[in-house]
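Here is how the chains run, residue by residue.
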Amino acid sequence: MSPDTSGIAADLRERDRPGFVLFERFAEQAVGEAMLDEVVAIARDAAAGRGVAPAIVMNESQPGFSGELPEDLVSKIFRLHRRGSFRRFLADPGVTRILVDAIGPDVDCFLSQFIFKNPGAWGQPWHQDQYYFPFEPARPVVGLWLAVTEATLENGCLHVLPGSHAEPVHAHVPDARPGSLYGYMEIVDHEMSGATPCLLSPGDLLVFDSHLMHRSTDNVSDGIRAAMVWHCAAAGTVDRGVEIGGRWISNPVNDWLPVVRDGEVVSAED
Ligand SMILES: O=C(O)CCC(=O)C(=O)O
């Protein structure tokens, strides 16, 4: 994993750039497979009533979703970035270079999620991640989306709208599909016809700015479309949390972890 990160800050931030960068074959396929093994074990532990904290397992909520094994029912597992292969990925020198060049010398990972996207699972509608991140300062905030399996049109790959990172955060309205995943919100006031699908192979890494408009489509294949996603921001960013009933509380899925300090990796063993 030794990517050319020289243009990444411009690609993510400047108006006439796409707002995302794809690093093809960034990781070995085995890296994602180890992550998949780890989350399957977490899903089974959770289903058997064994503690999995700090991980948070969220099952699909769409009507009629079924499966034989615990992991067949899972949509996402959050709060993974302190453990095993998820933490080691953040300590990789290639990832450190991406984070330093994209964000700066002091970086925290504040959110992680493994997305199963089992056969039949619905996609996530058009959104900007920044909508979910009421931070001060608002940026830089960057997502790292690692393809664990192939991502295809059939199995529900991401679609991105190049250049939309230059937009302000648009209004998001609740996803209108009854039973769609808790918290899904959707942009409906922007033209998306310039969108492009991200057809990825296992080990490809998509890095994107938090204002980039993106969605994923439904998995209409008979295989899983798995991905692991980390979100990172500059150290010292203030996270206002989530507003519930007019009060702000800390967001239960966020967990701020130093990963780079003074341009150097913070050891995964610390
Ligand atoms: O991978 C997906 O299906 C959606 C992921 C996404 O939109 C996100 O992580 O913000």
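Looking at the overall build of the protein chain
Along the protein chain, the regular secondary structure elements total four helices and 18 strands. Its C-alpha radius of gyration of 17 Å places the protein chain within 12% of the 18 Å reference for a compact globule of 270 residues.

Considering helix 4 (residues 93-102)
Extensive coverage of helix 4 is indicated by the burial of eight of its ten residues. Within the span of helix 4, buried status applies to V95, T96, R97, I98, L99, V100, D101 and A102. Count one or two residues on from helix 4 and you reach G104, which has phi positive near 140 degrees.

Regarding the site of the ligand
With respect to spatial proximity, the complete set of residues near the ligand consists of I115, K117, G123, Q124, D129, L158, H214, S216, A227 and V229. If you list the elements that add at least two residues to the shell around the ligand, you get strand 12 (214-216) and strand 13 (227-234). When grouped by side-chain class, the residues that make up the shell around the ligand number four nonpolar, four polar and two charged.

Quick word on the sheet that holds strand 7 (residues 158-160)
Pairing is antiparallel across the open sheet formed by three strands, whose spatial order is 10-7-12. Strand pairing shows two members of the sheet lacking a second neighbour, strand 10 (196-197) and strand 12, which therefore form its edges. Pairing analysis gives three bridges linking strand 7 to strand 12, with the strands arranged antiparallel. Across the sheet, residue H159 finds its bridge partner in strand 12, namely R215.

Quick look at the pairing of strand 17 (residues 257-261)
As paired elements, strand 4 (residues 107-115) and strand 17 share three bridges and run antiparallel to each other. Bridged to V107 within strand 17 is V260. Examined bridge by bridge, strand 17 and strand 18 (residues 264-265) share two bridges and lie antiparallel to one another. Of the residues in strand 18, the one forming a bridge with V260 is V265.

Description of the environment of L99
Within the secondary structure layout, L99 lies in helix 4. Every residue in contact with L99, bar those within four places of it in the chain, is listed here: V107, C232, V259 and V260.

Regarding the nonpolar core
Counting 64 residues, the largest nonpolar core has I77, L99, V142, L146, V207, A227 and C232 as the members making the most contacts within it. Not counting residues up to four positions away in its chain, the partners in contact with V142 are L12, A102, I103, V207, F208, D209, S210 and C232.

Focus: the environment of L205
For L205, the position within the fold is in strand 11 (residues 205-209). Judged by the 23 C-beta atoms lying within 10 Å of it, L205 is buried. Separated by 110 residues in sequence, L205 and V95 place their C-alpha atoms 10.0 Å apart. Setting aside its immediate chain neighbours within four residues, L205 contacts F23, F26, A27, L144 and L146.

Regarding the environment of C157
With respect to the helices and strands, the residue C157 is situated in the loop between strand 6 (141-147) and strand 7. Residue C157 is classed as buried on the basis of its 22 C-beta neighbours within 10 Å.

Focus: unusual backbone geometry
Cis rather than trans, the peptide bond between A53 and P54 has omega equal to 10 degrees. One can find P54 in the loop between helix 2 (29-47) and strand 2 (56-59). Of the consecutive residues R139 and P140, the connecting peptide bond is found in the cis state with omega at 10 degrees. On the secondary structure map, P140 appears in the loop between strand 5 (135-136) and strand 6. Non-glycine residue R79 carries a positive phi angle of around 60 degrees. As for its position among the elements, R79 is in the loop between strand 3 (74-78) and helix 3 (84-90). For R79, a count of 21 C-beta atoms within 10 Å gives the class buried.

Quick notes on the rules
Residues numbered from 1 in each chain as written. Predicted model: local features only at pLDDT ≥ 70, side-chain atom pairs only at ≥ 80, totals over all residues. Helix = DSSP H or I, 4+ residues; strand = E, 2+ residues; numbered from the N terminus. Rg over C-alpha atoms; globule rule 2.2 N^0.38 Å. Buried ≥ 20, exposed ≤ 12 C-beta atoms within 10 Å, placed from the backbone. Near = placed C-beta within 6 Å. Nonpolar A, V, L, I, M, F, W, Y, C, P; charged D, E, K, R; others polar. Pairing = 2+ DSSP bridges. Contact = placed C-beta atoms within 7 Å. Core = buried A, V, L, I, M, F, W, Y, C linked by C-beta atoms within 7 Å.

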